[in-house]
Amino acid sequence: MAVVIQNIIVYTIIWGSIYLLISMGFSLICGVLRIFHLGYGATFVIAAYGTWLFMSGMGLGLIPSIILMFLLQIAIAILVFYKGVFQRYLDEEENLLVISMLIFMAVAHFANYLYPTTSGVNLPTALVTGMAKIGAVNISYEMIAAAAVGVVVTGLFVLMFLKTRTGLIIRSMSQDIYAAKLMGVSVDNMYYLAMILSIIPPTICILMIAPFWGIDPFMGASLLMTAMLIAILGGLGNLKGNIIASYLIAFIHFSVSFLWAPRFMGLAALVVTLIFLIVKRGGLMAGETIW
Amino acid sequence: MVKFELKRDRILLRWGLEKLEWCIEPRYWRNPIIGVALLLILPLFFYSFPHLLTMLTTANLLACLAIPLSLQILGTARVNFGPQLYLGIGGYTAALLNLHFGWSPFFTLIATVIVCGSVALLLSPTTWIAKGLYFSLLTLILPLTFLDLTYQFGDLFRGEVGLFGMSPLLDLGRVRWNYMAYYYLSLFMMLLFILIADKIGRSRFGVTLAAINENEDVARMMGIDVSKYKVFYYVFPSILTGIVGWFIVHTFRSFAGITYLPLDYMLKVLIIVIIGGRAFVYGAVPGAYFVAIIEEVLRGFGHINQWVFPLVLIAMILILPRGEGLWGLYHKRHPRDYFPKLHVRRE
Amino acid sequence: MIEIKNIGIKFGGLQALDNVSFSVGKGEVVGLIGPNGAGKTTMMNIICGLYKPTEGTIDFEGTRITGLTSNKICHLGISRTYQIPQPFYAMTALGGVTVSVLNGKKRPNMCLSDAGLEASYYLEFVGLFAKRDELASNLNLYELRMLELARALATTPKLLLLDEVMAGLNPVESNRALDMIWSAQDQFGITLLWIEHVMKIIMNAAQRIVVLQYGKKIAEGPPAEIVKDPRIIEAYLGGKRK
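Since this is a predicted model, take the numbers as computed values, not measurements. As a convention, each chain's residues are numbered from 1 in the sequence order in which they are written. Chain labels run from A onward and ligand labels from 1 onward, assigned in the order the entries are written. In keeping with the model being predicted, local features are shown solely for residues with a pLDDT of at least 70 and side-chain atom pairs are shown and tallied solely at 80 or more, while totals for entire chains, interfaces and linings include all residues.

K.L.:
Give a description of helix α1 (residues 40–48) of chain C that names residues and reports values.
P.N.:
A turn of α-helix holds 3.6 residues, and therefore any two residues three or four places apart point the same way. All names here are of chain C. Judged by how many residues are buried, α1 sits mostly within the fold: eight of nine residues are covered. Every C-beta atom is placed from the backbone, and the number of other C-beta atoms within 10 Å of a residue's own sets its class: buried at 20 or more, exposed at 12 or fewer, partly exposed in between. Strands are runs of DSSP state E lasting at least two residues, helices are runs of H or I lasting at least four, and both sets are numbered from the N terminus onward. Within the sequence span of α1, burial applies to K40, T42, M43, M44, N45, I46, I47 and C48. Phi for G49, located one or two positions after α1, is positive at around 95°.

Shown next as structure tokens:
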């Protein structure tokens, strides 16, 4: 029994930190742009397949590929998503959501067309190899490294929001956009910045978890699902709620997994979120502002 | 002799002192008859191309999915991003009961209605308790979780392969005749759904439906019990969707969750609601035929169709007039009809 | 007819209403005035069931209405208009009033055409019959206000809550609206609780006036007394310089 509890605790902490990375971009866009970026799954797919495209298709090294992939992500996020979809359909949200999803589908299928699952895509981003042993739990160093990176990135984001001037501006925008405009905030530039910032966590996440998470063109859907569940539970657009909800969902996943059966992980998380929504209408931190 | 005049919205035939007028207006009752007659005659041209017949049947079924979805969006005042959940639930119920217990299609229909109704009733509180966008995102997640479940219980649901070999609704002996029969059955179901939605829309409940869609709080102040209507407009379309699942099981005789539950299928149905435009019921028919035909045409181009199809659909949304869709290109607007606007609500 | 006892409501840290009590008798016209932010519309929202008060109760003809949902309160006989008109924009004027007719009271046997007939009667009463097929998004402010009035009257209320009906209307339209309200009170025999800023209208129309400031009731009485009360003058215009 003690082994099971140790497993649950260790996996909750490790995977909670990884879920932080998965869901933070989605929450950021929810909180700042007040739009549900259903094309968020495309970020994961482009991160993995973009890097692979530059590495194997053009024969570049790992670091240049990653840099080029970042640039590609930024271009797609701003040109395709922000300018092409969000700005045009701001008052017709159903079109906005459907087009974002269609773009995600197109990207995923395109990646599948170029590099189907059988073509052996793998990103050599492993930082450390080997297994660690924490108490009675065997866990790979790579997972611990991914979790640590998750915590560091989240910490940097929180620091940015709390301590820097840009963070203050973004927080004010998410609370009351009209007041922010009246104060002279350059809203468009800040939206660009928010879109760029939202790319960083999922890209880093994919790069870190590539060694132990299978890369597959349609992984964006399940990752988006997890991100949305965490965002819903934590209160859409609220970073504090997001952080708490990441660990909460990880806890639910792994306690169900170790105490009962791994196959009920997703369903248990969904049921708990549903119950939570019925009890407290808006999720954990229902302020719907970024912090 | 016979003079033939074309006016802006009508065709006039004159001979001697007599005059025959034909209004080109969809609400004029003769025009739907033309449309239905066209649909009835259509398969006779495709008798020797069974895969085209399947395409038309799929088009009818997609329309059958879009009509309850639009009813649900209007009635619950929330956008439902996961209508295919009840398709999956209904389909699997019918398939499993038929395969393992040997129930005939009639009894599986009753079971489908009961199961879908109970699940919908269970989930209906989310329509008024959860805030608008939370509900929409939840409905997005639910079918994917159900798909996950079908994989986990692979021995029961047969995962990716799916269930096959269910008993057919009717068997006319020759395969070609079966395809024709299935087309006519699906056409009949689609017309039935359109009739139901039309009757609801033109009745006193249709006015209430419009009020709930426009402004919930004001509607509540007018004396409308919004929660009760939301439950009805969530459960009833879900049951209709489940019936479509039952139909798929017993005509195509195979059912795999992977075909119907993921996002691709949902996007097809949602696109029909959006392309079909604000006429919300009749627009589903041209929308569904359009999507099914495009999919079939693109399939001819090989593997590239997977990612070109979403791009074509995006182009359709961008090109067609905003809010009006395909139906707006044709329909003469009359203010007495209520043209609903889909609101994606946050509250 | 309606008794409001010790109503208090808090929004976060703001005490919007504090221990407000008054009552309205059958057939009376009572005005509710006060400077901006006094809590008048909040009071109206509480009566209609939109908010739940943190303390206090409201009784309407003997029934407690403080916990009920808005539609039950509407069926009991309370109806309201909105300060900023909230019509159903994509529906015609006739459609909007038909909704009220069908749902204002329990009408199990009314079909759509009968409801349309009754709705057109109400529209004709407020003078909008010619515009019955116009979409509500095409009507001007006076017509929207009249549409609100027709919609509220169509639910056959016993108590009508009017929220700043005269705001934004020019004097000609104000007089017409006032006449409309008078004839509504006459013909349908309804009680009026009226929030208003235009003093000339409310002082002539109301029999009794309740004054709110910062969420508290500071005076109540006939208009002649209220006009002379120094507290009211101070609330609106500020005190004399000492």
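Right, picking up where we left off after that structure.
K.L.:
Please provide a residue-by-residue account of the sheet that holds strand β5 (residues 63–64) of chain C, values included.
P.N.:
Residue and element names in this part refer to chain C. Paired strands, as defined in this entry, are two strands with at least two bridges between them according to DSSP. Spatial strand order, β2-β1-β4-β5: four strands in an open sheet with antiparallel pairing. In the strand order of this sheet, the two ends are held by β2 (14–24) and β5, each with one partner. The pairing of strand β1 (residues 2–11) with β2 spans seven bridges and is antiparallel. Bridge assignment links I7 to a residue of β2, and that residue is V20.

K.L.:
Describe the domain arrangement of chain C, naming the residues involved and giving the relevant values.
P.N.:
Residues and elements named next belong to chain C. Where each domain starts and ends comes from a domain assignment, either automatic or drawn from a database. When cut into domains, chain C gives domain 1 (1–77 + 158–242) and domain 2 (89–156). The distance between the C-alpha centroids of domain 1 and domain 2 comes to 25 Å. Here the contact rule is simple: place C-beta atoms from the backbone, and any two residues whose C-beta atoms are within 7 Å are in contact. Listed as interface residues are eleven residues of domain 1 and, on the opposing side, twelve residues of domain 2. For the side of domain 1 that touches domain 2, the elements supplying multiple residues, two or more each, are α2 (70–76) and α6 (171–188). It is α6 that provides the largest number of residues to the side of domain 1 that touches domain 2, a total of five residues. Gly falls in the polar group here, along with every residue not listed as nonpolar (Ala, Val, Leu, Ile, Met, Phe, Trp, Tyr, Cys, Pro) or charged (Asp, Glu, Lys, Arg). For the side of domain 1 that touches domain 2, the per-class residue count stands at eight nonpolar, two polar and one charged.

K.L.:
I'd like a rundown of the interface of chain C and chain B, residues and numbers included.
P.N.:
Size of an interface, as often reported, equals the accessible area lost when the parts are brought together. Chain C puts 27 residues into the contact, and the matching count from chain B is 22 residues. Only α2, α3 (93–104) and α4 (112–126) of chain C provide two or more residues apiece to the side of chain C that touches chain B. Classifying every residue of the side of chain C that touches chain B gives 14 nonpolar, eleven polar and two charged.

K.L.:
With reference to specific residues and values, describe the sheet that holds strand β3 (residues 29–33) of chain C.
P.N.:
All names here are of chain C. Overall, mixed pairing links the six strands, which are arranged β6-β7-β8-β3-β9-β10 in an open sheet. The sheet is open, and its two edges are formed by β6 (78–80) and β10 (216–221), each paired on a single side. The sheet shows a mean angle of 20° between the axes of neighbouring strands, taken without regard to direction. Direction of pairing for β3 relative to strand β8 (residues 191–195): parallel, over a ladder of four bridges. Bridging from a neighbouring strand, G31 pairs with W194 of β8. Seen against the sheet, helix α9 (residues 230–237) touches β9 (208–213) and β10 and runs at an angle of roughly 130° to β10. Structural elements are reduced to axes, namely lines fitted to C-alpha atoms, with helices fitted over the stretch in contact, and the angle between N-to-C directions of any two is expressed from 0 to 180 degrees.

K.L.:
Give me the lowdown on the pairing of β10(C), citing residues and values where you can.
P.N.:
All names here are of chain C. Sheet topology note: the β9/β10 ladder contains five bridges and is antiparallel. Opposite V210, over in β10, you have E220 as the bridge partner. In this antiparallel pair of consecutive strands, β9 and β10, the connection spans two residues, and Y214 shows a positive phi of 50°.

K.L.:
Give a description of the arrangement of the chains that names residues and reports values.
P.N.:
Ranking the two pairs of chains in contact by contact count places chains A and B at the top. Over all C-alpha pairs, chain A and chain C never come within contact, reaching a minimum spacing of 12 Å.

K.L.:
Residue-level account of the interface of chain B and chain A, with values.
P.N.:
Contact with chain B, which involves 36 residues of that partner, is made by 31 residues of chain A. Of all the elements in the fold, those that place two or more residues in the side of chain B that touches chain A are α5 (126–129), α6 (132–152), α13 (263–276) and α15 (305–319) of chain B. When grouped by side-chain class, the residues that make up the side of chain B that touches chain A number 27 nonpolar, five polar and four charged.

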